[in-house]
Every structure is written in C-alpha cells, then in structure tokens.
Amino acid sequence: MLLGQCRSVIGILRPELMQLALTSGIKYFPPPKNYDDIVIPERPRLRVFDKVPLYPPNLKPPKMQKRLRYMRGPETVHNTLQLKQYGVVATGGGRLRHEHFEMVRLQVARRLDMKRMFAIWRVDPPWQPVTKKGQGQRMGGGKGAIDHYVTPIKADRIIFEIGGKCEYAEVHDMLRIIAERLPFKAEPISQELLEKKAASEKWCEENNSNKFTLKYVIQNNMGGCHRFLSKYDHKWYGKYF
C-alpha cells in the first residue's frame, strides 16, 4: 500500500509533457593563426653530426679530463627559443652521445611533416673525448685510449627546435617521446609555456610569505650551514646540483 501511494505522488509531480526550447546565438570562433611570415628552409631536416670531430692530419686527437663543471649549473646563453615556437629543453645536466643525436634525428625525420615544418639543432656536435681502458687491464699504464665523444649539456639548455606552420598539439607527442629517451631529464616546451613558467617563478619569489628561504638561510649561515655546504650551494642556493 505504501508503495502504491508513493507511485501516485510521483505521478502527480511528474509533468505529462516536456517542452525543450531551442535558442540560437552568435558563437565566436577565434581566427586561425597567420603563418605568412614563416619561411620553410631548403633543408628542413636535422643535419647529421659526425661521430668523431675532424682534426688536421698532423694533429693527434687530444685527451681531456672529465670536467663535470660543463654539466653543472644553469645554461645562461642557449636558454631561449630562437624561432619562438616549440622545442625540447633540458631540466638537468648530462651528456649527449652520437647515438642520442641519431635517435633525435630519426624521430624528427619520421614524425615531422616536411612540407610545412622544419627543425634546427641548438647544441654542438660531439666534441669532448671520453677515454676508457680495455677490459681486464691492470691499474696504471697511463690514461686510456679515446672511446667516444660527447656533448655536455647544462640545465635549461634548448636541445633542438621545431618551427613552421603548425600548432603545439601537433608536435607535442613527438617532443615528449624524444624528451623521455634522452639520457637526462628533459621536457617539451613552447614559447607560451616558457613565458608562463618564468612569470610563475617571479610571482612565487615576490609573494613568498616565508622569509626563511634556502637563499636566506645560506646567506646568513643559519645553524652553521657553511660547514657542510659546497661552493656550488653558495652560488646557486641549492637550485642546481
């Protein structure tokens, strides 16, 4: 009986007919971007880098120390996009071998539409020698022979750029795949994302309510932190390692 009363009440409250009023209005669609100022170069592909740098025939290839300072800290020169479009930026230090250059070049050649897009390198070809001794050799005997050449990379360094008549969504997957395969931390980037990231860092620094930042702690030697900090902590205040 209670169930029947509930059904009767629901039937009274339910309207017999439902009217749907259709309204039309003016919709705004942004116009497409203008790419008239972009000129596609004659060679849109990434060029092939030599595996070994060229030396004069009368010069013996020089050896070099590790020089880890070439990978430490932020990049101060090649940290902006020349084409003001898209690319891959390193978020940590590392080394690029010839195999990594070939991986990037082949991925770009397979996935890029050469009729309306092009790519350029923003790093030097392998130039720093890395030595290695043969397996099973005893200690001593001098420095080993040159095994391969690398290119040291610092944080915030632009690896390569993509330009042309395209949107960021068209090349994002390709840039993401390449960034994941690099031997150091990297991420795809665009000019809008770079500007947004810089503005966000500036806003956070200006509106930070906590004055005891790591920079303040290091500058004022709070807790005697100078005893165990390195010279790089005094230079970059713990941001880069």
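Sequence order sets the numbering: in each chain, residues are counted from 1 along the sequence as written. Thresholds applied to this predicted model are a pLDDT of at least 70 for local features of residues and 80 or more for the giving and counting of side-chain atom pairs; totals over whole chains, interfaces and linings are not thresholded and use all residues. To obtain the side-chain values, all non-hydrogen atoms of the structure were included, while hydrogens and water were left out.

A. Local environment of the nonpolar core. In this text, buried Ala, Val, Leu, Ile, Met, Phe, Trp, Tyr and Cys residues form a nonpolar core when linked through side-chain atoms within 4.5 Å. Three exposure classes are used, based on accessible area relative to the maximum for each residue type with a 1.4 Å probe and protein chains only: buried under 20%, partly exposed in between, and exposed over 50%. In this structure, V104, V108, I159, F160, I162 and L182 are the most contacted members of the largest nonpolar core, which totals 29 residues. Strands are runs of DSSP state E lasting at least 2 residues, helices are runs of H or I lasting at least 4, and numbering of each runs from the N terminus. Of all the secondary-structure elements, those providing two or more residues to this core are β1 (86–90), α2 (98–111), β3 (117–121), β6 (158–164) and α3 (168–181). No other element matches the 5 residues that α3 contributes to this core. Other than its neighbours up to four places away in sequence, F160 contacts G87, V88, V104, V108, I120, W121, R122, L175 and I178. When checking whether two residues touch, look at their non-hydrogen atoms; a contact exists if any pair is within 4.5 Å.

B. Summary view of the sheet that holds strand β2 (residues 94–96). At least two bridges found by DSSP between two strands is the condition for calling them paired. As summarised here, the arrangement of the 3 strands in space is β2-β5-β4, forming an open sheet in which the pairing is antiparallel. The open sheet terminates on both sides in strands that have one partner only, identified here as β2 and β4 (128–132). Neighbour-to-neighbour, the strand axes of this sheet turn through a mean angle of 55°, independent of strand direction. Here an angle of 0 to 180 degrees is reported between the N-to-C directions of two axes, which are lines fitted to C-alpha atoms, with helices fitted over the stretch in contact. Of the strands in this sheet, β2 and β5 (145–153) touch α2, which is tilted by about 70° from β2.

C. Geometry of the environment of E205. In this fold, E205 is placed in helix α4 (residues 191–206). Spatially, the C-alpha atoms of E205 and G238 are 15 Å apart, while their sequence positions differ by 33 residues.

D. Spatial organisation of a positive patch on the surface. Think of a patch as exposed residues, more than 30% relative accessible area, with no salt bridge, where like charges cluster within 9 Å and nonpolar side chains (Val, Leu, Ile, Met, Phe, Trp, Tyr) cluster within 5 Å. Here the open area of atoms and residues is found with the Shrake-Rupley method and a 1.4 Å probe, where only the protein chains shown may cover a residue. Criterion for a salt bridge: a side-chain nitrogen of Lys or Arg within 4 Å of a carboxyl oxygen of Asp or Glu. His is not counted, nor are the chain ends, whereas Lys and Arg count as positive and Asp and Glu as negative. Every charge is mapped to an atom, namely NZ of Lys, CZ of Arg, CG of Asp or CD of Glu. On the surface, K60, K63, K66 and K143 cluster together to form a positively charged patch. With respect to the helices and strands, K63 occurs in the loop between α1 (2–13) and β1.

E. Highlighting the packing of α2 against α3. Running from N to C, α2 and α3 cross one another at 165°; their axes reach a closest spacing of 10 Å. Judged by the inter-axis angle, α2 sits roughly antiparallel to α3. Relative to α3, α2 is oriented so that their crossing is right-handed. Contacts from M103, V104, Q107, V108 and R111 of α2 reach α3 at M174, I177, I178 and R181. Among the residues forming the contact of α2 with α3, the class breakdown is 6 nonpolar, 1 polar and 2 charged. By the definition adopted for this analysis, an angle is roughly parallel if under 35 degrees, roughly antiparallel if over 145, roughly perpendicular if from 65 to 115, and oblique otherwise. Should the near helix be turned counterclockwise from the far one by less than a right angle, the crossing is left-handed, whereas a clockwise turn marks it as right-handed. Basically, the charged four are Asp, Glu, Lys and Arg, the nonpolar ten are Ala, Val, Leu, Ile, Met, Phe, Trp, Tyr, Cys and Pro, and anything else, Gly included, counts as polar.

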